[in-house]
Protein chains: 2
Amino acid sequence: MEKQILELMEDKKYGRLREILSEMNPADIAEIFNEFSESELTVAFRILPKELAAETFVEMDSDMQQTLITAFSDKELKEVMDRLFMDDTVDVIDEMPASVAKRILNQTDKKTRALINQLLAYPEDSAGSIMTTEYIDLKINMTVEDAFDKIRKKGLDSETIYTCYVIDAGRRLLGIVTVKDLLLSPKTNLIGDIMDTNVIYANTYDDREEVVGLFDKYDFLALPIVDKESRLVGIVTVDDAIDVLKEEASEDIEKMAAILPSERSYLKTGVFETFKSRIPWLLFLMISATITGGIISSYENKLTMLPALISYIPMLMGTSGNSGSQSSVTVIRALSLGDIEFKDIFKVVWKELCVGIVCGAVLCLVNLLKLYFVDYKLLNNFDSGREITEMFAVCITLFFTVIVAKLVGSILPIVAKKIKLDPAVMASPLVTTVLDAVSLFIYFVVAGVLIGY
Amino acid sequence: MEKQILELMEDKKYGRLREILSEMNPADIAEIFNEFSESELTVAFRILPKELAAETFVEMDSDMQQTLITAFSDKELKEVMDRLFMDDTVDVIDEMPASVAKRILNQTDKKTRALINQLLAYPEDSAGSIMTTEYIDLKINMTVEDAFDKIRKKGLDSETIYTCYVIDAGRRLLGIVTVKDLLLSPKTNLIGDIMDTNVIYANTYDDREEVVGLFDKYDFLALPIVDKESRLVGIVTVDDAIDVLKEEASEDIEKMAAILPSERSYLKTGVFETFKSRIPWLLFLMISATITGGIISSYENKLTMLPALISYIPMLMGTSGNSGSQSSVTVIRALSLGDIEFKDIFKVVWKELCVGIVCGAVLCLVNLLKLYFVDYKLLNNFDSGREITEMFAVCITLFFTVIVAKLVGSILPIVAKKIKLDPAVMASPLVTTVLDAVSLFIYFVVAGVLIGY
């Protein structure tokens, strides 16, 4: 299919091309257009029927959108923008350089411009920033028949028609009515009698992650958003909730890997941009690792007398880091899904303590067997005369570092959330760096006590 | 609200309790019921109006469901199960012990039982396992009016009414019609004339992750699922797609932290279950770290002559691990979102190489300044006579390990996906363990060359 379209484009068979594209889904068209050169893109876009063109425009990435806007006449630009829903308009403008954004705004009437500016002003992660303003509002004294008339009249211009919002003269939200309710009610019934008054809504300044949580919990298709005076100002639809859910998961994953979150897809992000998102944490963690180096330095003289102990440092640091990151990642995810809160901290600590003891014991035992049969009997790795003591120093350290790692890994994210830091930042890299130092410290103390230096 | 309900329950004011609960959302009721004892739960559940009771039942976790089923009479059990949608029925049965599952199946008629068994047989991660069988099907020769009649008749028993599926006599899917299309068409139009024949669908055995990708791409409210003979057998609704999206993200995050994925929420998972999900990777990684230990062992004699080098091991291993996990996590996420494929491997490698060189250079420079001004001038950490050589050994190693780390971190997940392994497993812990060994190896080789031992 894709090949056929590229061929038709090359052969300039625009009539046939239009026929084929008209039957396609906007998301698929945008994907194929991504393969075109800038001039081909402009030509191909102009072939599309107007409504489909606008729908395809929304599905494009911002580079393609900018190419098109630059090529558009003012009239074309207005035609496309007028067909977009308000949330998409705001998204497009948000991604454009100031001059392009200004040109778009100039094509809109005064009232729309004011609304766009208001929407652009909401904080990036707020419900207001993802809502749209096209929805169907009803009044309590309308009949079911009236409601259907309104839906037929405004249906094409609303992002969803399946949930309608009942408001009073001051635009305060009174209830919701679904099209299912309408279809299953006699036509003369009053909206006020069939509406559901137990409405769940969010405020414009609520975190968009909480908004998505409501979709997940209540299985909504759309959620009403109200301002401080409880006036209905917009709705968030489920497709936007899915986008947010995906973005938030990506952000969490990036933060857990010590990367500053970026919004663009991997191949679209330039080398310098990727570098900028990665270097801060690398630098910070590198400097932090100096502490661990310092601990080794201070035990340097003793280590040179017991060189066998050095070779177990990577295993001890690695195992404590892995144990800790297992706990921190689990706790971060549970926090972000709302499974645990600060008040659960003791339950979490108790559980991680138990898991830590069991994991520590098993690892310790396996390690002891390996140390004895492989390192001691087979390879004779230990410093002569100190074999058993060194073996126990390694195993005892392992046991305690695993437990400490589980505790540190689980407590840090919860505390971070409590003091309004992002828990996702307390994931593997930071926890591992902390635990590197902790495990070495435990190692040298245990070895010191057992060997008696 | 919650407190009031708990009080009413204690005071046995069931009439008032029923009034309050009747106005509430099933998900909220399930949350409050979670605080009840087993006997309270059974009492409270019986207070609920029948339809709300069934909706609340679906929102409960499987422990609560099992408690209720055990307390139910056969008649009560049948009443609840008859009201569930087929996908929820299958989910409930799937979570129950065999004896309870059998009791549930015994309450259903023969045809339903056959259908349930068929749905239970789909692989866990398939589209078939998340679909439901209640939807509205239309015929091409129906009018819009007929369609509305059918929706009114079957509406309450369908999971969504907003997308209707047009099928032929052999149940083959011909097109879809949305309620929006129906509302905006004259009543006498034929379904065959207004239906959209460009239908995107999935097969029962498709991976559920791909199904969710379709929801994300096309903004669907429901997706039809067909069998091998192209017959419509069910639909997946957007709320289930959201659940899958959330679960898959959690699974990816868990795998990236070397945890075997679990399905239960954090606090509901027992210590032993958590232990079982964490110990395999801890053991495997601990044993793998032996290789790194082995590298140190083989350089042991040289290290005791240059003890200053030992203290930089944690910093080098840490930085290479962090660099590598940044790349691997970014690539894993991009693979899972479909942003990159195997054919992009050279683009990815080239990009990571560039990013690695820039990151490596910056880290190397900062480190050199720190080594010179702090470790050398201030602390005099290095072995006398070898200060400059040792300093350069550390910095050069850092530069190369960062580059190698970026390459290893980005290549491993792509290759894993190509050979049908799960790329998420190639994340931080495994990559870090590999890179520990690699960075130490580079370190000793570089030091060996520079210092000439």
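Overview of the structure.

Reading the values: the criteria
Residues numbered from 1 in each chain as written. Chains lettered and ligands numbered in written order. Predicted model: local features only at pLDDT ≥ 70, side-chain atom pairs only at ≥ 80, totals over all residues. Heavy atoms only, no water. Pairing = 2+ DSSP bridges. Helix = DSSP H or I, 4+ residues; strand = E, 2+ residues; numbered from the N terminus. Contact = heavy atoms within 4.5 Å. Axes fitted to C-alpha atoms, helices over the stretch in contact; angles between N-to-C directions. Salt bridge = Lys/Arg side-chain N within 4 Å of Asp/Glu carboxyl O. Buried < 20%, exposed > 50% of the residue type's maximum accessible area, 1.4 Å probe, protein only. Least-squares fit on C-alpha atoms with pLDDT ≥ 70 in both. Parallel < 35°, antiparallel > 145°, perpendicular 65-115°, else oblique. Left-handed = near helix turned anticlockwise from the far one by under 90°. Nonpolar A, V, L, I, M, F, W, Y, C, P; charged D, E, K, R; others polar. Patch = residues over 30% accessible without salt bridge, like charges linked within 9 Å, V, L, I, M, F, W, Y side chains within 5 Å. Areas by Shrake-Rupley, 256 points an atom, 1.4 Å probe, with all protein chains shown as cover.

1. Some details on the sheet that holds strand β5 (residues 222–226) of chain A
Residue and element names in this part refer to chain A. Spatial strand order, β4-β5-β6: 3 strands in an open sheet with mixed pairing. The outermost strands of the open sheet, each flanked by one partner alone, are β4 (202–203) and β6 (232–237). Where β5 meets β6, 5 bridges bridge the pair, whose relative direction is antiparallel. For Pro224, the partnering residue across the bridge sits in β6 and is Ile235. Its contacts with the sheet place helix α14 (residues 208–218) against β4, β5 and β6, and it is angled at close to 140° to β5.

2. Quick look at the pattern of salt bridges
All names here are of chain A. Within this structure, the stated rule accounts for 50 salt bridges over all chains. Of the charged contacts in the structure, one is a salt bridge between Glu79 and Lys75, with a shortest N-O distance of 3.7 Å. Taken together, the residues span about one helical turn, with Glu79 and Lys75 both in helix α7 (residues 74–83) at a distance of 4 residues. Residue Glu79 is classed as partly exposed on the basis of its relative accessible area of 27%.

3. So, the sheet that holds strand β4 (residues 202–203) of chain B
Residue and element names in this part refer to chain B. If you trace the 3 strands from one edge of the open sheet to the other, you get β4-β5-β6, paired in mixed fashion. At either margin of the open sheet sits one strand with a lone partner, and together these are β4 and β6 (232–237). Direction of pairing for β4 relative to strand β5 (residues 222–226): parallel, over a ladder of 2 bridges. Considered in β5, the bridge of Asn203 is made with Val226. The sheet contacts of helix α14 (residues 208–218) involve β4, β5 and β6, and relative to β5 the element is tilted by about 140°.

4. A word on unusual backbone geometry
Residue and element names in this part refer to chain A. Residue Lys12 is not a glycine yet carries a positive backbone phi of 55°. Among the secondary structure elements, Lys12 is positioned in the loop between α1 (2–10) and α2 (14–22). The exposure class of Lys12 is exposed, given its relative accessible area of 58%. Unusually for a residue other than glycine, Asp219 sits at a positive phi of about 55°.

5. Overview of the relation of the copies chain A and chain B
What relates the two chain copies is a rotation about an axis together with a slide along it. Overlay of chain A on chain B (RMSD 0.1 Å): rotation 180°, translation along the axis 0.0 Å. Here the symmetry operator amounts to a two-fold rotation axis. Of every C-alpha in chain A, the one belonging to Thr304(A) sits nearest the axis of rotation, 2.8 Å from it. Most of the interface of chain A is mirrored in chain B, where 100% of its interface residues are also at the interface.

6. Looking at the packing of helix α18 (residues 313–336) of chain A against helix α16 (residues 271–298) of chain B
Where α18(A) meets α16(B), the closest approach of the two axes is 8 Å, and the angle between their N-to-C directions is 150°. Relative to α16(B), the element α18(A) lies roughly antiparallel. Here α18(A) and α16(B) pass one another in a crossing that is right-handed. In this structure, α18(A) contributes Pro314(A), Met315(A), Thr319(A), Asn322(A), Ser323(A), Gln326(A), Ser327(A) and Thr330(A) to the contact, and α16(B) contributes Arg278(B), Trp281(B), Leu282(B), Leu285(B), Met286(B), Ala289(B), Thr292(B) and Ile296(B). In terms of residue class, the contact of α18(A) with α16(B) is made up of 8 nonpolar, 7 polar and 1 charged.

7. Some points on a nonpolar patch on the surface
All names here are of chain B. Residues Leu365, Leu369, Tyr372, Phe373, Val374, Leu378, Leu379, Ile388, Phe392 and Leu450 make up a contiguous nonpolar surface patch of roughly 940 Å² in combined accessible area. Looking at the nonpolar patch, the elements that each hand over two or more residues are α20 (345–378) and α21 (387–418). Among the elements that line the nonpolar patch, the one with the most residues is α20, at 6 residues. Its place among the elements puts Ile388 in helix α21.

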